[in-house]
Amino acid sequence: MGKVLVIGCGGVAQVAIQKCAQNDAVFDEICIASRTVSKCDDLKKKIEAQGKSRSKITTAKVNADSVDELIALIKSVKPDVVLNLALPYQDLTIMDACLACGVHYVDSANYEPEDTEDPKWRAIYEKRCKEQGFTAYFDYSWQWAYQKKYKDAGITAILGTGFDPGVTSVFSAYALKHYFDQIDTIDILDCNGGDHGYPFATNFNPEINLREVSANGSYWENGHWVETKPMEIKREYNFEQVGMKDMYLLHHEEIESLAKNIPGVKRIRFFMTFGQSYLTHMKCLENVGMLRTDPVMFEGREIVPIQFLKALLPDPASLGPRTVGKTNIGCIYTGTKDGQKRAIKIYNVCDHQECYKEVGSQAISYTTGVPAMIGTMMVMTGQWKGAGVFNVEEFDPDPYMEALNKWGLPWVVDENPVMVD
Ligand code: NDP
């Protein structure tokens, strides 16, 4: 049917690419590109050695910080869709290149600058903090600003098709379509009950993960943001197939788009589970300056502490064989249907070892990589179409929900859920 160009070959991309290759009726051709082409070549060899996919796979070297390099690559590969699974730092350069070439764009995380000390970015950021009331480094304004340009060019950008954001956002559209006339509250609960046996490791890119987790929390209530200190709000929750876990309120990017796209929603919160040992390690690293994102001088050269830390920590892609246990990610909705109050929970449970057996990755990469493939498929097949920039909850959720069941992330609707107080 069509050709996808995937930028990035890290933990998430490795799953998304293998799923694209499984789905060879849709993805005739897959080009994998990143700065380290040897990693892309290794994945190509792995898929070809399995001999199960009819997708033609090619690889290329690209530095996605350079719009010119990206344009040259897109012009030579001629993809139908570009799937951006590099880092949030590259979102805008890749969106610019897609625009220049008239090619659809899909990603899994919203824009965040690599250098948060850049004065030009900082001025806009500080104005936004004051106007909006949340201090996260990432927000949708940068990518939503491409709306008119994408619309005029007649191409589609789909933002945030991972699990959260992504599946949680599609769950919300599905709940609104089939279960509610009005959604009042949304609690997004992200539980990783997996154990990798290391004292400390992150399940996806450490730099992005630690930045997110060490930042202030926030939630949306009655039309505005309420900000909290990092890890200030803690709850316990008994997760189906995982058990009782501590979870903490975080700021998370889908709150921003759901507040805009779920009409009349009164409160949206996001909770993620963390063990005490993880939090103690993180606090210690933060206290000694290892989470700093600005360069410091070390033995006559500049290093960025969090990047140095990344080099020391286990590669998230290497956690697959050693991680056991399950994830349980989903959303609890309250609201009304036909004048009656109701509450439901929609969630998925995913087993780390099952993921490893299928694609050689742990469940965090799996639960992000599968929806990245599905979002790209929605664009490639024309099941989701429109000119402009869209978050996933703006489209018909039904074909995406069906695809989740088919491609490895089956979901459950619980009409009598345990609530979070
Ligand atoms: P990794 O760090 O494992 O992989 C990142 C990849 O991007 C690497 O292959 C790297 O390759 C490539 N890359 C980085 N910089 C550049 C560049 N300048 N040019 C070209 N390629 C580049 O990250 P993950 O796989 O863990 O995460 C990928 C994305 O998924 C991130 O944006 C993350 O925020 C998002 N994510 C979303 C989730 C969701 O549920 N929505 C959950 C988890 C992650 P190389 O160094 O060779 O260039």
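Refer to the structure above for everything that follows.
Right, let's walk through the structure included here. (Residues numbered from 1 in each chain as written. Predicted model: local features only at pLDDT ≥ 70, side-chain atom pairs only at ≥ 80, totals over all residues. Heavy atoms only, no water.)

Here we take up the pairing of strand β6 (residues 156–159). Covered by surrounding structure in β6 are Thr156 and Ile158 together with Ala157 and Leu159, the residues of both alternating faces. By the bridge criterion, 2 bridges tie strand β5 (residues 104–107) to β6 in an arrangement that is parallel. Bridge pairing in β6 links Val106 to Ile158. Strand direction decides the pairing type here: β6 and strand β17 (residues 388–391), joined by 4 bridges, are parallel. Within β17, the position partnered with Leu159 by the bridge is Asn391. (Buried < 20%, exposed > 50% of the residue type's maximum accessible area, 1.4 Å probe, protein only. Helix = DSSP H or I, 4+ residues; strand = E, 2+ residues; numbered from the N terminus. Pairing = 2+ DSSP bridges.)

A separate point is the site of the ligand. If you check the shell around the ligand, you find 27 residues, and the closest are Cys9, Arg35, Thr36, Ala64 and Asn205. Residue Cys9 places a main-chain N or O atom 2.7 Å away from an oxygen atom belonging to the ligand. For the ligand, whose accessible area on its own is 920 Å², the fraction buried by protein is 91%. A per-class count over the shell around the ligand returns 13 nonpolar, 11 polar and 3 charged. (Near = heavy atom within 4 Å. Polar contact = N/O pair within 3.5 Å; in protein donor to acceptor, adjacent residues only side chain to side chain. Areas by Shrake-Rupley, 256 points an atom, 1.4 Å probe, with all protein chains shown as cover. Nonpolar A, V, L, I, M, F, W, Y, C, P; charged D, E, K, R; others polar.)

Before going further, it helps to examine the environment of Asp396. By the secondary structure assignment, Asp396 is in the loop between β17 and α15 (398–406). In the structure, Asp396 is positioned 200 residues away from His196 in sequence and 37 Å away in space, judged by C-alpha atoms. Leaving out residues up to four positions away in the same chain, Asp396 has contacts with Lys177 and Trp384. In terms of polar contacts, Asp396 uses its side chain to reach the side chain of Lys177, at 2.9 Å. Polar contacts involving the side chain of Asp396 include one to the main-chain amide nitrogen of Asp398, which spans 3.1 Å. (Contact = heavy atoms within 4.5 Å.)

Turning to the packing of aromatic side chains, a few remarks are in order. Applying the stated criterion to the full structure yields 19 aromatic pairs. Plain terms: the ring middles of Tyr125 and Tyr137 are 5.4 Å apart, the flat faces sit at 55° to each other, and that makes the pair tilted. Note that Tyr125 is positioned in helix α5 (residues 119–132) and Tyr137 in the loop between α5 and α6 (141–144), a separation of 12 residues in sequence. Ring plane angle 85° and centroid distance 6.1 Å describe the contact between Phe163 and Phe171, whose orientation is recorded as edge-to-face. Side by side, Phe163 and Phe171 carry an identical accessibility label, which is buried. (Phe/Tyr/Trp six-rings, centres within 6.5 Å; stacked < 30°, edge-to-face > 60°.)

In this section: the pattern of salt bridges. If you walk through the whole model with that rule in mind, you get 23 salt bridges. Close ionic contact of Arg54 with Asp24 constitutes a salt bridge, the shortest N to O distance being 3.0 Å. Pair noted here: Arg54 is in the loop between α2 (37–50) and β3 (56–61) and Asp24 is in the loop between α1 (11–22) and β2 (27–34), with a separation of 30 residues, a long-range link. (Salt bridge = Lys/Arg side-chain N within 4 Å of Asp/Glu carboxyl O.)

All right, on to the nonpolar core then. The biggest cluster of nonpolar side chains holds 93 residues, and the ones touching the most others in it are Ile30, Phe171, Ile186, Tyr333 and Ile374. The residues contacting Phe171, other than those within four sequence positions of it, are Phe163, Ile329, Gly330, Cys331, Tyr333, Ile346, Tyr347, Met401, Leu404 and Trp411. Counting 32 residues, the second largest nonpolar core, distinct from the first, contains Val62, Met95, Cys129 and Trp144. (Core = buried A, V, L, I, M, F, W, Y, C linked by side-chain atoms within 4.5 Å.)

For α2, spanning 14 residues, the distance from its first C-alpha to its last is 20 Å, which sits close to the expected 20 Å at 1.5 Å a residue. Looking at α2, one finds that the buried residues are Cys40, Leu43 and Ile47. Viewed along the axis of α2, the buried residues span an arc of 65°, placing them on a single side of the element. In α2, the exposed positions that point more than 90 degrees away from the buried face belong to Lys45 and Ala49. In this structure, the buried residues of α2 make contact with α1, β2 and β3. (Expected span 1.5 Å × (residues − 1). Arc of directions from axis to C-beta.)

Since the α-helix packs 3.6 residues into each turn, any two residues three or four apart lie on the same face. Taking burial as the measure, the 9 residues of helix α10 (residues 253–261) include 7 buried ones, the bulk of the element. Three or more residues of α10 are buried, namely Glu253, Glu254, Ile255, Glu256, Ser257, Leu258 and Ala259.

Right, let's get into the side chain of Asn209. Note that Asn209 resides in helix α9 (residues 206–213). Judged by its relative accessible area of 7%, Asn209 falls in the buried class. Setting aside anything within four residues of it in sequence, one finds Asn209 in contact with Thr202, Phe204 and Tyr278.

With that out of the way, let us pick up the sheet that holds β5. The strand order across the open sheet formed by 7 strands is β3-β2-β1-β4-β5-β6-β17, and the pairing between neighbours is parallel. If you trace the sheet from one side to the other, it starts and ends with β3 and β17, each paired once. The sheet shows a mean angle of 20° between the axes of neighbouring strands, direction not considered. Against the sheet, helix α14 (residues 363–380) makes contact with β1 (2–7), β2, β4 (81–84), β5 and β6, and its axis sits at roughly 160° relative to β4, the strand it touches most. (Axes fitted to C-alpha atoms, helices over the stretch in contact; angles between N-to-C directions.)

Taken together, the side chains of Arg35, Lys39, Lys61 and Lys310 present a region of like positive charge at the surface. The residue Lys61 is located in strand β3 in this model. (Patch = residues over 30% accessible without salt bridge, like charges linked within 9 Å, V, L, I, M, F, W, Y side chains within 5 Å. Lys, Arg positive; Asp, Glu negative; His and termini not counted. Charge placed at Lys NZ, Arg CZ, Asp CG, Glu CD.)

Look at α1 against α2: their axes get within 11 Å of each other, and the N-to-C directions meet at 35°. As α1 runs across α2, the sense of the crossing is right-handed. Between α1 and α2, the residues in contact are Gln14, Ile17, Gln18 and Ala21 and Leu43, Lys46 and Ile47, respectively. Classifying every residue of the contact of α1 with α2 gives 4 nonpolar, 2 polar and 1 charged. (Left-handed = near helix turned anticlockwise from the far one by under 90°.)

So, to be careful, I would describe these as geometric facts and stop short of saying anything about function.
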